[in-house]
Amino acid sequence: MDFVRRVSHADLRVREMHTKIHIVTHSFKPEYRAPDHSSTSTAVIVHWGDVGPTVDRALEYLDWRIFSQIVIVANDGEDCPIQMLVEGVSWLVPPRNLGFAGGCSYGAMYHPADKYAFFNNDVILSPPSVMKCLEALDVQGVGISAPTLFLPDGSLQSGCGTLSPWIRRPKNDSLPQRTMSDCDWVTGAALFCAHEVLTDVGYDGSYFFMGEDVDLCIRAKKQGWRVVVLADAKGIHHPSSERYGGKSRGAYHGTRNLIWLTRRNQSKVRSIGVTLYLIKQLPRTVIADLVRHRYPHARLLIHGIRDGWSALPVDHQPLDDEPIPSRWVEWV
């Protein structure tokens, strides 16, 4: 079976690598190579939906001449737009929708570098902010860095990620207090990391989307890496749920993955605690469904709680039937 259905780019070395892995089975397990040269950086954009913002970001990054390679992973199977048929940009179509974490791993696997930047296409950054995040990875012990992101109205969207005191629920509503602030986790919307973090820790693709950034940071810190957010590297995040098939789908993955995250990285007592917290949200969710005349998020929340206590995936790959909410709602 042709594992990579359509790949369009100008890098002959990468084209040769594709040939070698056409016989890989339907599953996907990232295997990272060492970078060929020092001081290289790869930008990975995980794409879903309208190609316009993805093309805009990729051409913008290309024009900056900061990254050695720009990689777009088209989780929706979209063919390479003509604008992306340029040297320095790779448009990869994976065998199926790998989710955000799997897409990040897929792009990094094909273009190894000393440093990686993983982006949503709805994040707007400046060249100085990108350079500061890349340079932060040269600081002793720093394995993951990120900018401070704001919404278009100027309010904080993502800053210094923390974990709540008792059930250790992720929160990301604190401004960094120093130029470089250590934190529990940073958002995956604009996450920079060293090559060694991917090889030693790596994204867990089983989350599909939501929670994979928190999990990566927690496991990196357990292995001694610093996770930092930069106060003087700023960006704008225009939240968009299109790449994941709509906001209602997040009710399932957000619930299931929060339980998985706690079960994997915390105690059983805290796992039960976070489950009780989610159950407590059910009445309010039911009322919101009725008032807004929307698809019942409460149903997806219940499915998420149930699946959160199913057997934990152990191979770090997306489940074969992802996106799972497509069983109950249309995933466009």
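Residues numbered from 1 in each chain as written. Predicted model: local features only at pLDDT ≥ 70, side-chain atom pairs only at ≥ 80, totals over all residues. Heavy atoms only, no water.

J.: Is there a simple way to think about the packing of aromatic side chains in this case?
T.: With the rule as written, the count across this model stands at eleven aromatic pairs. Ring geometry for Y61 and F67: centres 5.9 Å apart, planes at 70 degrees, overall edge-to-face. Of the residues examined, Y61 reaches a relative accessible area of 1% and is grouped as buried. Across from the ring centre of Y207, 4.9 Å away, lies the NZ or CZ of R264, which sits over that ring. (Phe/Tyr/Trp six-rings, centres within 6.5 Å; stacked < 30°, edge-to-face > 60°. Buried < 20%, exposed > 50% of the residue type's maximum accessible area, 1.4 Å probe, protein only. Lys NZ or Arg CZ within 6 Å of the ring centre and 35° of its normal.)

J.: Help me out: how do you make sense of the nonpolar core in this one?
T.: Proteins that are soluble and globular tend to have nonpolar side chains buried together. Of all hydrophobic cores here, the largest spans 42 residues; its most connected members are F118, I144, V186, L191, C193, V197 and Y203. With seven residues, the single largest contributor to this core is helix α3 (residues 99–110). Those residues in contact with V197, other than ones at most four positions away along the chain, are G143, I144, G202, L216, A220 and W225. One finds A58, F67, A136 and L230 within the second-largest nonpolar core, a separate group that totals 33 residues. (Core = buried A, V, L, I, M, F, W, Y, C linked by side-chain atoms within 4.5 Å. Helix = DSSP H or I, 4+ residues; strand = E, 2+ residues; numbered from the N terminus. Contact = heavy atoms within 4.5 Å.)

J.: Help me understand the packing of helix α9 (residues 282–292) against helix α10 (residues 297–308), please; the structure alone is not making it clear to me.
T.: Packed helices, taken two at a time, are described by the angle between their axes plus the distance between the axes. Where α9 contacts α10, the two axes come as close as 8 Å, and the packing angle between them is 150 degrees. One finds that α9 runs roughly antiparallel with respect to α10. Facing L282, T285, V286 and D289 of α9, the residues of α10 in contact are H297, A298, L301 and I302. Taken together, the residues of the contact of α9 with α10 break down into five nonpolar, two polar and one charged. (Axes fitted to C-alpha atoms, helices over the stretch in contact; angles between N-to-C directions. Parallel < 35°, antiparallel > 145°, perpendicular 65-115°, else oblique. Nonpolar A, V, L, I, M, F, W, Y, C, P; charged D, E, K, R; others polar.)

J.: Help me understand the pairing of strand β2 (residues 41–47) in this model?
T.: Counting buried residues along β2, seven of its seven residues qualify, which places the element largely inside the surrounding structure. What you see with β2 is no split at all: S41, A43, I45 and H47 on one side and T42, V44 and V46 on the other are buried throughout. The pairing of β2 with strand β5 (residues 115–119) spans five bridges and is classified as parallel. When the bridges of β5 are listed, V44 appears paired with F118. (Pairing = 2+ DSSP bridges.)

J.: How should I be thinking about the pattern of salt bridges in this particular structure?
T.: Where side chains of opposite charge bring their charged atoms close, a pairing between them can arise. What the rule picks out here adds up to eleven salt bridges. With its nearest N and O atoms 2.5 Å apart, the salt bridge here joins R294 to D289. Taking the relative accessible area as the measure of exposure, R294 reaches 24% and is therefore partly exposed. (Salt bridge = Lys/Arg side-chain N within 4 Å of Asp/Glu carboxyl O.)

J.: Explain α3 here, please?
T.: One turn of the α-helix equals 3.6 residues, which is why residues spaced by three or four share an orientation. An ideal rise of 1.5 Å per residue puts 16 Å on twelve residues; α3 measures up with 17 Å between its terminal C-alpha atoms. Of all twelve residues in α3, twelve are buried; the element is thus mostly enclosed. (Expected span 1.5 Å × (residues − 1).)

Function-wise, these values are silent; they only describe arrangement.
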